Amino acid sequence: MDAAHRSGAAVAGVTGGVPADPHATPLVGGRPYRVVRRVLGGVPCLLELPPEGQAVTALCVVYHGAWATKEGKLGVYAALAAGEGTGGAAVILPDAALHGERQGDTPPGLNDREYVWESVSRTVAEAPALLAGAHAEFGPGAGRVPLWLVGSSMGGYVVQTLRRTLPEAGLPVARTAALITSGVWREPAVRAPHLRAFLDAYRPVVHAGAAPLTPLLLASGEADPTFSLAAHHAPTAAAYREAFGPGGAGLVERTFAGVGHYTSVRMRDATLAFLGGGTSVATSPPNDTDSD
């Protein structure tokens, strides 16, 4: 190899420090983002992040449903991370307590509904530690960017509770999307005293007004066999309408024809728009199969 080739070999194909043919990355709408695994505050998480060197402009924590895992949410809200080329949200996908990598933590003797609510109560309790871990991961500025919460099915129980408890812990929530879920929380099969106490303390149809009136999206499928509109969406929405007061500024209610117990494409797009992510890059079907 001659001198010219030797001197140029290390930087071949590089212009201004940027490779002409850079590393392949996940794309949404043609825009890149990164996926990494981290443990934040003791909670196993997958993170969808803007490209290296771009700013984190929001934290978006996405909670899955019962008997699901964080992996099922990969790509569903990635448009938020891909952002606009200068930065984007850090989309945080945790395993709920007793799920995924932590299924082995499940205590014995729980029936199915107690398993769900044990997971919800533990997931709510650990959320401040998870956010402290996120702030440490992304630097001190992460505590000053908007915090968004998204939860589907059981995850909807979690985020409806966190929009109250996190501000009480000094962690304000900017926006919350509660999808294919309920605020009724009528659970006769739940007998454990600490879980009965949790239900009574945070049941949204009773305590909707106890949380700060920050923007809330309540979205349901009109064909949902788990949470029918009449038994779940209607009373939950009515409680929030009363809490938000005349005009309901900040409350967004949506129902989706033909949609069962899953996050549909249009529901996902409505969530992205609600969070400020827009819908132009959200065109591929989500792989969200939450059940509760």
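Further up the page is the structure itself.
Predicted, not measured: the structure shown is a model, and the values here were computed from it.

Caption draft 1: Here's a closer look at the packing of helix α4 (residues 154-168) against helix α5 (residues 193-202). Their axes nearest at 11 Å, the elements α4 and α5 cross at an angle of 80°. On the basis of the axis angle, α4 is roughly perpendicular to α5. Only F198, A201 and Y202 of α5 make contact with α4, whose side of the interface consists of T161, R164 and T165. Residue composition of the contact of α4 with α5, by class: three nonpolar, two polar and one charged.

Caption draft 2: Summary view of the pairing of strand β8 (residues 87-94). With respect to burial, β8 is a largely interior element, eight of its eight residues being buried. Examined bridge by bridge, strand β6 (residues 43-49) and β8 share four bridges and lie antiparallel to one another. Opposite L47, over in β8, you have I92 as the bridge partner. In terms of strand pairing, strand β7 (residues 55-63) meets β8 through six bridges, oriented parallel. If you follow A58 over to β8, its bridge partner there is A89.

Caption draft 3: Geometry of the pattern of salt bridges. Taken as a whole, this structure holds 13 salt bridges when the rule is applied. As a salt-bridge pair, R38 and E137 come within 3.0 Å of each other at their nearest N and O atoms. Of this pair, R38 sits in strand β5 (residues 34-40) while E137 sits in helix α3 (residues 112-138); the two residues are 99 residues apart in sequence, bridging distant segments of the chain. Salt-bridge contacts for E118 lead to R122; the nearest nitrogen and oxygen are separated by 2.8 Å. Remark: R122 and E118 occur in helix α3; sequence separation between them is four residues, near one turn of the helix. Sharing partners across several salt bridges, the network here consists of R37, K70, E71, D95 and E101.

Caption draft 4: Quick peek at the sheet that holds β7. The mixed open sheet is built from eight strands, whose spatial order is β5-β6-β8-β7-β9-β10-β11-β12. What marks the edges here is a single partner per strand, and that holds for β5 and β12 (251-256). Looking at each pair of strands side by side, their axes are set apart by 20° on average, direction ignored. As paired strands, strand β9 (residues 147-152) and strand β10 (residues 175-179) are joined by five bridges and run parallel to one another. Looking at the pairing, L149 lines up with T176 of β10.

Caption draft 5: Region of interest: α3. For α3, built from 27 residues, the straight-helix expectation of 39 Å at 1.5 Å per residue is met to within 8% by its first-to-last C-alpha distance of 37 Å. The axis of α3 is deflected most strongly, by about 40°, at A127, and proline P128 appears within four residues downstream. Two or three places before R113, at the start of α3, stands the capping residue N111, its side-chain oxygen 3.0 Å from that residue's backbone nitrogen. Positive phi appears at G139, one or two residues downstream of α3, with a value of about 95°.

Caption draft 6: The arrangement of the side chain of E118 in detail. Judged by relative accessible area, E118 falls into the buried class, the value being 7%. Contacts of E118, omitting those with residues within four sequence positions, involve L98, P107, L110, H194 and L195.

Caption draft 7: Focus on the pairing of β5. Relative to β6, β5 is paired through seven bridges, and the arrangement is antiparallel. Paired with V35 across the strands is E48, a residue of β6. Taken together, β5 and the strand that follows it, β6, pair antiparallel across an intervening segment of two residues, in which G41 is found at a positive phi of about 60°.

Criteria and thresholds
- Just so you know, the residues in each chain are numbered from 1, in the order the chain's sequence is written.
- Selection of residues for local features in this predicted model requires a pLDDT of at least 70, selection of side-chain atom pairs for listing and counting requires 80 or more, and totals for whole chains, interfaces and linings are taken over all residues.
- Think of the side-chain values as coming from all heavy atoms in the structure, minus any hydrogens and water.
- Here, axes are lines fitted to C-alpha atoms. For helices the fit covers the stretch in contact, and angles between N-to-C directions go from 0 to 180 degrees.
- The helix count covers DSSP runs of H or I at least four residues long, the strand count covers runs of E at least two residues long, and both are numbered beginning at the N terminus.
- Every angle not falling under 35 degrees, over 145, or within 65 to 115 is termed oblique; those three ranges are roughly parallel, roughly antiparallel and roughly perpendicular.
- Two residues qualify as a contact provided that any one of their heavy atoms is within 4.5 Å of a heavy atom in the partner residue.
- Polar here means any residue other than Ala, Val, Leu, Ile, Met, Phe, Trp, Tyr, Cys and Pro, which are nonpolar, and Asp, Glu, Lys and Arg, which are charged; Gly is therefore polar.
- For the exposure calls, accessible area comes from a 1.4 Å probe over protein chains only, and a residue counts as buried if that area is under 20% of its type's maximum, exposed if over 50%, partly exposed in between.
- Should DSSP find at least two bridges between two strands, the strands are regarded as paired.
- The term salt bridge refers to a pairing of a side-chain nitrogen on Lys or Arg with a carboxyl oxygen on Asp or Glu at a separation within 4 Å.
- By definition here, a helix of n residues has an expected span of 1.5 Å times n minus one.
- Consider a residue and the seven residues that end there alongside the seven that start there; fitting an axis to each set, the bend is the angle between those axes.
- Within 3.5 Å is the distance limit for a polar contact, defined as a pair of N or O atoms, with the added protein rule that one can donate a hydrogen and the other accept it, and that residues adjacent in sequence qualify only through two side-chain atoms.

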